[in-house]
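Given next are the chains, with one letter for each unit.
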Amino acid sequence: MGEELTLSEKITIPSGLINAVIAGYQIALNKTLGKGAAAMTQLLIRDIGEVLEQLLEDSGFELHEITDLQSDIKKAFSMLGISDDVEVEVPNNGTSQGDKYIIKIYDSVFKPVARTLYKKGINYTLSPESFIAAAIVRMAIRKIKPDAQIRVKVLPQKTPDEPLVVEVIIR
């Protein structure tokens, strides 16, 4: 196994193991920070997003013009084996907060994490899906506006059977 982060190395790990690790991090974050977990999630999304951007670029994933962002997000989720059922709403015009992209993930390899956390009464804010969505949007936006500020919010699910909804706001 390699000693660097890369998307080119293919190994097989049971999805339950990965999902258990993600759920464990979310549970620990909530126990440690309580309501402050959402702020920590923003920091993680930003920092992990930068790493993911580099991994995606290194793997040859290229974004086209900003008008193709809908298909690029869907393509990335499928290419990474995360989900083939993703919907992206691209803003027609901005709000006072900035441009808002809504990404709905209807099914994902990480869906068991949402179910586990739901049973424990914990919001699923530390989702790998949000990291990936944020990284792709950031890559595309920075081609046009390098100094853009990007905020990612994972909306609480009423039930884990709903789609995971990720809002990405660009200022």
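Values in this document were obtained by computation on a predicted structure and should not be read as measured data.

Trainee: Help me understand a negative patch on the surface, please; the structure alone is not making it clear to me.
Mentor: On the surface, a cluster of negative charge is made up of D84, D85, E87 and D107. Take D85: it is sitting in the loop between helix 3 (69-79) and strand 1 (86-89).

Trainee: Before we go on, may I ask you to explain the pattern of salt bridges in this structure?
Mentor: Any two side chains of opposite charge can pair, on the condition that their charged atoms come close. Counted by the stated rule, this structure contains 3 salt bridges. Of the charged contacts in the structure, one is a salt bridge between K100 and E167, with a shortest N-O distance of 3.8 Å. Of this pair, K100 sits in strand 2 (residues 99-105) while E167 sits in strand 4 (residues 164-170); the two residues are 67 residues apart in sequence, bridging distant segments of the chain. Residue classification places K100 among the partly exposed residues on the basis of a relative accessible area of 29%. Classification of E167 as buried rests on a relative accessible area of 12%. Residue R115 pairs with D161 through a salt bridge whose shortest N-O separation is 2.8 Å.

Trainee: Mind showing me how you'd approach helix 2 (residues 37-58) here?
Mentor: Count 3.6 residues to each turn of an α-helix, and residues three or four apart come out pointing the same way. The terminal C-alpha atoms of helix 2 lie 31 Å apart, and with 22 residues this matches the ideal 32 Å at 1.5 Å per residue to within 8%. When we look at burial in helix 2, the residues that qualify are A37, T41, Q42, I45, G49, L52, E53, L55 and L56. On its buried side, helix 2 packs onto helix 1 (15-33), helix 3, helix 5 (128-144) and strand 3 (150-154). Two residues or fewer after helix 2 comes G60, characterised by a positive phi angle close to 95°.

Trainee: Before we go on, may I ask you to explain the sheet that holds strand 1 in this structure?
Mentor: The strands making up a sheet associate through backbone hydrogen bonding, with each pair oriented either parallel or antiparallel. In spatial order, the strands read 1-2-4-3; together these 4 strands make up an open sheet with antiparallel pairing. Looking along the sheet, the strands with just one partner apiece sit at the ends: strand 1 and strand 3. Each adjacent strand pair in this sheet contributes to an overall mean axis angle of 15°, direction not counted. In this fold helix 3 packs onto strand 1 and strand 2, with an angle of close to 155° to the strand it touches most, strand 1.

Trainee: What is the right way to read the packing of helix 3 against helix 5 from this model?
Mentor: When two helices pack together, you describe them by how their axes are tilted relative to each other and by the distance separating the axes. Packing of helix 3 against helix 5 leaves a shortest axis separation of 10 Å and a crossing angle of 140°. The angle between the axes of helix 3 and helix 5 places the two elements in the oblique class. Crossing angle aside, the handedness with which helix 3 passes helix 5 is right-handed. Contacts from L69, I73, A76 and F77 of helix 3 reach helix 5 at E129, I132, A133, I136, V137 and A140. The residue makeup of the contact of helix 3 with helix 5, split by class, is 9 nonpolar, no polar and 1 charged.

Trainee: Help me understand the pairing of strand 1 in this model?
Mentor: One face of the sheet, then the other: side chains in a regular strand alternate in exactly this way. Across the two faces of strand 1 the burial differs, with V86 and V88 buried and E87 and E89 not buried at all. Inspection of the sheet shows strand 1 paired to strand 2 by 4 bridges, in the antiparallel sense. Across the sheet, residue E89 finds its bridge partner in strand 2, namely I102.

How each quantity is defined
Residues numbered from 1 in each chain as written. Predicted model: local features only at pLDDT ≥ 70, side-chain atom pairs only at ≥ 80, totals over all residues. Heavy atoms only, no water. Patch = residues over 30% accessible without salt bridge, like charges linked within 9 Å, V, L, I, M, F, W, Y side chains within 5 Å. Areas by Shrake-Rupley, 256 points an atom, 1.4 Å probe, with all protein chains shown as cover. Salt bridge = Lys/Arg side-chain N within 4 Å of Asp/Glu carboxyl O. Lys, Arg positive; Asp, Glu negative; His and termini not counted. Charge placed at Lys NZ, Arg CZ, Asp CG, Glu CD. Helix = DSSP H or I, 4+ residues; strand = E, 2+ residues; numbered from the N terminus. Buried < 20%, exposed > 50% of the residue type's maximum accessible area, 1.4 Å probe, protein only. Expected span 1.5 Å × (residues − 1). Contact = heavy atoms within 4.5 Å. Pairing = 2+ DSSP bridges. Axes fitted to C-alpha atoms, helices over the stretch in contact; angles between N-to-C directions. Parallel < 35°, antiparallel > 145°, perpendicular 65-115°, else oblique. Left-handed = near helix turned anticlockwise from the far one by under 90°. Nonpolar A, V, L, I, M, F, W, Y, C, P; charged D, E, K, R; others polar.

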